[in-house]
Amino acid sequence: MLSRRTITGYRTLHRIATVLYTLHTLTLATEPTRGKSTGTTAVTTAEVDIGKLQRALLKWYDKHRRDLPWRVTGRTKPDPYRVLVSEFMLQQTQVATVVEYFERFIRRCATVESLAEVEEQEVLRLWQGLGYYRRARNLWRAAKQIVDQHGGWVPDTVEELMQLPGVGRYTAGAVASIAYGKRAPLLDGNVARVLARVCGIDQPIDAGMTKTMLWGLAERLADTSRPGDVNQAVMELGALVCVPRSPGCDRCPLSGLCVAKARGEAQRLPVRQPRKEPRSVTHHVLALERDGKYLFEQRPDTGMWSGMWQMPTAQGLATSTKPGGLQRWATKQLGVRVLPPHRVGWFVHQTTHRTIRFELWATSVQSGRLRRGAGSWRRLDRLDDLPLANPQRRAVMMLM
Ligand code: SF4
């Protein structure tokens, strides 16, 4: 039996070993490495001329920045609420898609108070089609928290911002720097790609230690009199020029500083850790009809598409499930007997971690009473107020 003291000693040794390993790896990651093809070298993150990088980015940004509805020009100050909304929407979604949703959202909820006052279902409806609906619910909760705890003022420090639901280090850094001019760093996929290429970083950018290194670099980058602009500049460059597949090095303001370009490795970098294959699953959607109306139910508060509406959907059944299996499932879940369903069709919906095959079946009630709270009957042409996730909307279209 090991004594507590011995265990503590082992833990200390383990911590020291971890720190030494981290330092060793960071050194490897940042030491000049001989370029295989061109003989040029990578730079250490400490060697990066941050001043040059900032100047080149800002000069380019002043000329090429996109005119976006949450951005302001000249001396006008950005509205922190609009910046917060845009940053929630931009988590996992591209600018081009976000613009239309942002404008619609702001027309309905122009202030943080108005957002805090609307029903959650209304927020989900405004978010409909944008995906990742947890963001919508978190934004709504964040608005309530801002009103309740901050008197309606969006906090201006990273620490306070990170206390809001759904606000991580990236979003906090974006809001603090863009809305308030705080020297707060941010790191998203675009920023990581640009920095990894500029520095010629060979380690997977999604590995913990590389992320630490990139955050350190982002912190130095934001240390300027225009932190919000420099942060937006590097994101913008990643979105428009230093794109994943065919980076536009010939029109890039950083081409003279970029190790990946010098080594001819812009296409290869950055590298990532191998990803797990998406899991294949099947969802059987039951279009249950009664008097020209269909049954819709709300999804649970947690998990995928939380709080959104759907036609009753069986998630645990095999792909090869027959009508009889669905009839039994319907009786158990909904409390009614249904006629043998017929198959309407199928489609595939891809998410980051899952390949979901949706099988659509149509049937009607044979007998029995619907279980209390099982859902509500709706006409398919009267669904505007019901937030439906994209695959459910697609299933509805197949019925019309
Ligand atoms: S030179 Fe090419 S690889 Fe380097 S930052 Fe610019 S676009 Fe990206």
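Residues numbered from 1 in each chain as written. Predicted model: local features only at pLDDT ≥ 70, side-chain atom pairs only at ≥ 80, totals over all residues.

1. Considering the overall build of the chain
Reasoning step 1: A count of helices and strands for the chain gives 15 helices and 8 strands.
Reasoning step 2: Across the 400 residues in the chain, those meeting the buried criterion constitute 35%.
Reasoning step 3: Here the contacts in the chain between residues at least 6 apart in sequence split such that 67% fall between residues at least 24 apart. (Helix = DSSP H or I, 4+ residues; strand = E, 2+ residues; numbered from the N terminus. Buried ≥ 20, exposed ≤ 12 C-beta atoms within 10 Å, placed from the backbone. Contact = placed C-beta atoms within 7 Å.)

2. Looking at the pairing of strand β7 (residues 354-367)
Reasoning step 1: Here strand β1 (residues 279-290) pairs with β7 via 11 bridges, running parallel. In the strand pairing of β7, alanine 287 is matched with alanine 362.
Reasoning step 2: In this sheet, β7 lies alongside strand β5 (residues 337-338) in antiparallel orientation, the contact comprising 2 bridges. Among the inter-strand pairings, arginine 337 is bridged to a residue of β7, identified as serine 367.
Reasoning step 3: Bridging between strand β6 (residues 342-350) and β7 involves 8 bridges; their strand directions are antiparallel. Paired with histidine 349 across the two strands is isoleucine 356, which belongs to β7.
Reasoning step 4: With antiparallel pairing between neighbouring strands as the criterion, β6 and β7 make up a hairpin whose turn holds 3 residues. (Pairing = 2+ DSSP bridges.)

3. A word on helix α11 (residues 208-221)
Residues three or four positions apart in an α-helix share a direction because the helix packs 3.6 residues into each turn.
Reasoning step 1: In this model, α11 (14 residues) spans 20 Å end to end at C-alpha, consistent with the 20 Å of a helix rising 1.5 Å per residue.
Reasoning step 2: By the burial criterion, the buried members of α11 are Thr210, Met213, Leu214, Leu217, Ala218 and Leu221. The buried residues of α11 occupy an angular sector of 140° when the element is viewed end-on, so they sit on one face. (Expected span 1.5 Å × (residues − 1). Arc of directions from axis to C-beta.)

4. Examining the environment of tyrosine 101
Reasoning step 1: Tracing the backbone shows tyrosine 101 in helix α4 (residues 95-108).
Reasoning step 2: Its 18 C-beta neighbours within 10 Å are what place tyrosine 101 among the partly exposed residues.
Reasoning step 3: Sequence separation between tyrosine 101 and glycine 129 is 28 residues, and the spatial gap between their C-alpha atoms is 8.9 Å.
Reasoning step 4: Setting aside its immediate chain neighbours within four residues, tyrosine 101 contacts Met89 and Leu130.

5. A few points about the environment of valine 271
Reasoning step 1: Relative to the assigned elements, valine 271 resides in the loop between α13 (259-262) and β1.
Reasoning step 2: Taking the number of C-beta atoms within 10 Å as the measure of exposure, valine 271 has 15 and is therefore partly exposed.
Reasoning step 3: Separated by 75 residues in the primary sequence, valine 271 and alanine 196 have C-alpha atoms spaced 8.9 Å apart.

6. Quick word on the site of the ligand
Reasoning step 1: The local shell around the ligand holds 15 residues, among which Cys242, Cys249, Cys252, Cys258 and Ala266 are the closest.
Reasoning step 2: At the level of elements, α10 (189-199) and α13 are the ones that each hand at least two residues to the shell around the ligand.
Reasoning step 3: Tallying contributions element by element places α10 first for the shell around the ligand, with 3 residues.
Reasoning step 4: Of the residues belonging to the shell around the ligand, the class tally is 11 nonpolar, 2 polar and 2 charged. (Near = placed C-beta within 6 Å. Nonpolar A, V, L, I, M, F, W, Y, C, P; charged D, E, K, R; others polar.)

7. Things to note about the packing of helix α3 (residues 80-90) against α4
Reasoning step 1: Where α3 contacts α4, the axes come no closer than 10 Å and their chain directions differ by 135°. As the angle between them shows, α3 and α4 are arranged oblique. Note on packing geometry: the crossing formed by α3 with α4 is right-handed. On the side of α3, the interface is formed by Arg82, Val85, Ser86, Met89 and Leu90, while α4 contributes Val95, Val98, Tyr101, Phe102, Phe105 and Ile106.
Reasoning step 2: Class assignment of the residues belonging to the contact of α3 with α4 gives a composition of 9 nonpolar, 1 polar and 1 charged. (Axes fitted to C-alpha atoms, helices over the stretch in contact; angles between N-to-C directions. Parallel < 35°, antiparallel > 145°, perpendicular 65-115°, else oblique. Left-handed = near helix turned anticlockwise from the far one by under 90°.)

8. Overview of the confidence of the model for the chain
Reasoning step 1: Confidence in the prediction for the chain averages 88 pLDDT; 88% of positions are at 70 or higher.
Reasoning step 2: This model gives residues 6-41 a pLDDT under 50, and the stretch forms 32 contacts once residues within four places in sequence are excluded. (pLDDT = per-residue confidence, 0-100.)

9. Quick word on the environment of lysine 261
Reasoning step 1: The residue lysine 261 is located in helix α13 in this model.
Reasoning step 2: Note on lysine 261: 22 C-beta atoms within 10 Å, which makes it buried.
Reasoning step 3: Between the alpha carbons of lysine 261 and proline 247 there is a distance of 9.5 Å; along the sequence they are 14 residues apart.
Reasoning step 4: Residues within four places of lysine 261 in sequence aside, it is in contact with Cys249, Ser255 and Ala266.

10. Some remarks on helix α9 (residues 169-180)
Reasoning step 1: Between its first and last C-alpha atoms α9 spans 16 Å; for 12 residues at 1.5 Å apiece the expected length is 16 Å, and the two agree.
Reasoning step 2: The buried fraction of α9 amounts to 9 of the 12 residues, a majority that puts the element mostly inside the structure.
Reasoning step 3: The complete set of buried residues in α9 reads Thr171, Ala172, Gly173, Ala174, Val175, Ala176, Ser177, Ile178 and Ala179.
Reasoning step 4: Elements in contact with the buried residues of α9: α3, α8 (158-161) and α12 (227-240).
Reasoning step 5: With its phi angle positive at about 70°, glycine 181 sits one or two positions after the end of α9.

11. Describing the nonpolar core
Reasoning step 1: Grouped together as the largest cluster of nonpolar side chains are 96 residues, with contacts concentrated most on Leu57, Val85, Val175, Val191, Leu195 and Val234.
Reasoning step 2: Each of domain 1 (50-262) and domain 2 (279-399) contributes no fewer than three residues to this core.
Reasoning step 3: Excluding anything up to four places from it in sequence, valine 191 contacts Leu186, Ala218, Val234, Met235 and Gly238. (Core = buried A, V, L, I, M, F, W, Y, C linked by C-beta atoms within 7 Å. Domains from an automatic or database assignment.)

12. With respect to unusual backbone geometry
Reasoning step 1: Residues leucine 269 and proline 270 are joined by a peptide bond in cis, for which omega reads -5°.
Reasoning step 2: Here proline 270 shows up in the loop between α13 and β1.
Reasoning step 3: Positive phi, normally seen in glycine, also occurs at tyrosine 132, with a value near 45°.
Reasoning step 4: Position of tyrosine 132 among the secondary structure elements: in the loop between α6 (120-127) and α7 (134-150).
Reasoning step 5: At tryptophan 305, a position not held by glycine, the phi torsion is positive, near 55°.
Reasoning step 6: Relative to the elements of secondary structure, tryptophan 305 occurs in the loop between β2 (293-298) and β3 (309-310).

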